[in-house]
Every structure is written in C-alpha cells, then in structure tokens.
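Observations on the model geometry
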Amino acid sequence: MKRRSFITLLGGAAAASTWPLAVRAQQQSAKIARIGYLTFGTAAAAAPRVEAMRAGLRELGYVEGKNILIEFRWAESVELLHELAGELAHSNVDIIFATSSTEVEPARQATKTIPIVFATHADPVGLGHVASLPRPGGNITGLADLQSDLATKRLAIFKEALPHTTRLGVLWSATAPSYRTVLQAIEPASKTLGVQLQMIQVIAAEDFDGALAAMAREQSDGVFVHASALTTRSHPVLLAELALKYRLPTIFGSRENVVTGGLMSYAPDHIDLTRRAATYIDKILKGAKPADLPVEQASKYQLVINLKTAKALGLAIPESFLLRADEVIE
C-alpha cells in the first residue's frame with residue numbers, strides 16, 4: 001500500500017485520524033451526508049479538482065462539518081483503488097464520487113447500491129457503466145467528456161498544427177478502461193490522415209521514460225497521449241519534461257498537461273465538469289435516483305497551446321492555427 005488519506009475536513013488534504021469535537025457533536029444532533037471521494041493519484045495533484053468539487057457544493061449550500069463530510073481516498077495504483085473503493089462501500093457512505101472511468105470501475109465492483117457520481121468519464125456507455133446517456137439505469141451517473149469521440153479530433157488537430165507528421169507515438173495507459181475505445185477510434189482515423197501509429201503501453205510513471213525514448217528512436221514526429229488519471233492527474237510535470245528531453249511534440253486530453261509544459265491539448269474544462277458534478281450529488285442527497293439522472297455531456301471544448309514549449313522544440317506553429325486557439329500560453 002503506497003498511500004492513503006482518510007477523512008479530510010475544511011481544506012485539509014492530509015489524513016486526519018480524529019474529528020474536531022464540534023463536528024462530532026453536530027453529527028450526534030443531525031445527520032451529516034458523507035461523500036466518499038475516490039481518486040487515482042496524490043492529494044497534491046488532485047487539489048484543483050478537489051477545490052472545484054468543494055466550490056460546487058458550497059454554491060448549493062453545503063458546509064463541510066455542518067451538513068456534509070468528504071472522506072478522501074487517494075491511490076497510486078489500480079490495486080489500491082480497488083481496496084479503497086471497498087473501504088468506502090463497507091463504511092456505507094451516502095455517495096461515492098469517482099472522478100473518471102479509472103475510479104468508476106473499482107467503485108462499481110465494490111457496490112451495486114451506493115450511488116456513484118463521475119465528472120470526467122471517457123465513455124460511460126461503451127464501458128458498460130451506464131445503460132444509456134439519457135437513462136443510466138443503475139447506481140452510476142454524472143458528466144462525460146466522451147474521449148473516444150474526441151480522440152479522432154485530436155489526431156486531426158495535431159496533423160493540422162504539424163502537417164509534416166507521418167509517424168505518431170501513442171502513449172496509452174492500461175490503468176484506464178477507456179484505452180480500448182480510444183485505440184479503436186484512432187486507428188481508422190490515422191489511416192485517413194496518412195499517419196502511422198506506434199502504440200506503447202504504460203502502467204506506471206516509471207514507464208514514461210522508456211516509452212518516450214522508444215518513440216524517439218523510431219523517429220516519431222510526436223506523441224498522442226491517451227487521457228487517463230495516470231497521464232493527466234498523477235505525473236503531468238514528469239511527462240512534459242520527458243517530452244522536451246526527447247524533443248517530442250505532444251497532444252493531450254487535458255489543459256492541465258499543457259499548463260505544466262505539454263505542447264497542446266483539445267479537451268473540455270475538467271475543472272468546470274468537476275464543479276458541476278456537485279449538482280448530481282445534491283440531487284441524489286435530496287432523493288433522486290442515479291438511474292433517472294441523465295448523463296450530461298461536455299458541450300464546450302478548448303484548444304490550448306503552449307507557445308513556450310513550441311519554441312523550445314523549435315516548432316513553427318502556423319499563425320492561422322494559433323488564432324484558432326482558445327488559449328495560448330507564452
């Protein structure tokens with residue numbers, strides 16, 4: 001077991017072994033809703049999304065320690081995710097918040113009755129976590145960014161930005177169930193674009209260096225990074241540094257990766273989606289059933305480019321392409 005954090009109150013991301021006396025007294029006088037927050041990665045890496053969730057709950061009138069408690073579980077391996085999901089289920093929390101498909105699968109296996117809410121699910125229907133977007137039909141619902149659909153768009157964007165691309169490395173993470181539908185989507189799209197793909201699997205951050213080194217040896221023109229908890233929330237700085245080391249342009253499925261030094265991303269605002277997931281928690285606490293709450297799709301997508309990284313790589317991004325960007329980091 002690498003890391004675990006338990007009940008955290010009022011802005012603390014570290015584990016807490018005891019609750020303040022005032023909180024225990026409040027629990028005795030009134031029911032306080034308990035939300036299990038299950039995530040892959042560290043507390044530090046998840047901090048922006050944690051604050052987004054807290055902000056969404058505050059907007060709906062929830063105050064930690066007064067009418068709601070958030071019990072955090074951090075995992076740096078899929079094996080630990082399963083164990084921590086089981087802990088939350090056995091402690092009988094009112095709702096499990098499982099950010100993406102990486103966390104939803106262990107939570108689904110842990111309970112068929114406790115409501116599970118997600119915020120950035122890659123493909124809830126394709127992975128069998130809901131029956132359909134309008135009628136989830138089980139104990140799982142939330143917001144989705146549908147990575148399988150976005151993957152083909154990202155390939156086209158990369159080719160447009162760097163039109164001489166003929167060979168592209170694909171860094172895919174076995175820790176996220178979404179890899180199956182993403183890889184199925186990009187293979188036919190790459191043929192249409194005239195781009196050969198070099199698929200390399202990673203299961204831990206320790207695999208990043210070897211994977212990117214292999215792509216560099218094979219003279220890949222860049223790297224398509226499968227958006228997963230491992231590549232987005234766990235070690236984005238390391239991934240950006242290695243891409244610069246091996247002189248590999250990158251395209252990601254999260255703005256977070258570009259802020260930390262990746263070249264570009266095309267994705268919805270994951271912070272906003274996490275904040276909006278609080279509305280699902282609110283509705284369920286007020287009596288709604290997850291089976292009846294339609295999965296909401298992200299509707300706004302952002303193209304973000306790190307011009308500083310482009311210059312470091314010696315790339316000349318077409319001016320017309322830069323003008324299309326929603327955000328240019330300089």
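We now turn to the structure provided with this report. In this text the structure is predicted, and so the values were computed from the model without any measurement. (Residues numbered from 1 in each chain as written. Predicted model: local features only at pLDDT ≥ 70, side-chain atom pairs only at ≥ 80, totals over all residues. Heavy atoms only, no water.)

1. What to know about the pairing of strand 13 (residues 301-306)
For the record, the criterion: Throughout, exposure labels follow a simple rule: accessible area from a 1.4 Å probe, protein chains only, divided by the maximum for the residue type, with under 20% read as buried, over 50% as exposed, and the rest as partly exposed. Only DSSP runs of H or I covering at least 4 residues are called helices, and only runs of E covering at least 2 are called strands; the numbering of each starts at the N terminus. When DSSP finds two or more bridges between a pair of strands, those strands are recorded as paired.
For strand 13, a buried count of five out of six residues is recorded, marking the element as mostly surrounded by other parts of the structure. As paired strands, strand 11 (residues 264-268) and strand 13 are joined by five bridges and run antiparallel to one another. In the strand pairing of strand 13, alanine 267 is matched with glutamine 302.

2. Describing the pattern of salt bridges
Heads up, the condition is: The salt bridge definition used is simple: a Lys or Arg side-chain nitrogen within 4 Å of an Asp or Glu carboxyl oxygen.
All chains considered together, the criterion is met by 17 salt bridges. Close ionic contact of glutamate 59 with arginine 275 constitutes a salt bridge, the shortest N to O distance being 3.4 Å. Here arginine 275 lies in helix 11 (residues 270-285) and glutamate 59 lies in helix 2 (residues 43-59), a separation of 216 residues in the sequence. Note on glutamate 59: relative accessible area 57%, which makes it exposed.

3. What to know about the nonpolar core
Going by this rule: Nine residue types can take part in a nonpolar core, namely buried Ala, Val, Leu, Ile, Met, Phe, Trp, Tyr and Cys, and a core is a set of them joined through side-chain atoms within 4.5 Å.
The biggest cluster of nonpolar side chains holds 41 residues, and the ones touching the most others in it are Leu38, Ile96, Phe118, Leu171, Phe208, Leu212 and Leu239. The element best represented in this core is helix 3 (residues 78-90), accounting for six residues. Core analysis: the second largest hydrophobic core is formed by 30 residues, Leu150, Leu183, Ile186 and Ala189 among them.

4. A look at the packing of aromatic side chains
Short version of the rule: When the centres of two rings from Phe, Tyr and Trp lie within 6.5 Å, Trp using its six-membered ring, the rings pair. Their planes under 30 degrees apart give stacked, over 60 give edge-to-face, and anything left gives tilted.
Overall, the coordinates contain six aromatic pairs when judged by the stated rule. Ring centres 5.2 Å apart and planes at 40 degrees place the aromatic pair tyrosine 37 and phenylalanine 72 in the tilted group. Residue tyrosine 37 is located in strand 2 (residues 33-40), and its partner phenylalanine 72 is located in strand 3 (residues 68-75); the two are separated by 35 residues in the primary sequence. Accessibility assignment for this pair places tyrosine 37 and phenylalanine 72 in one class, buried.

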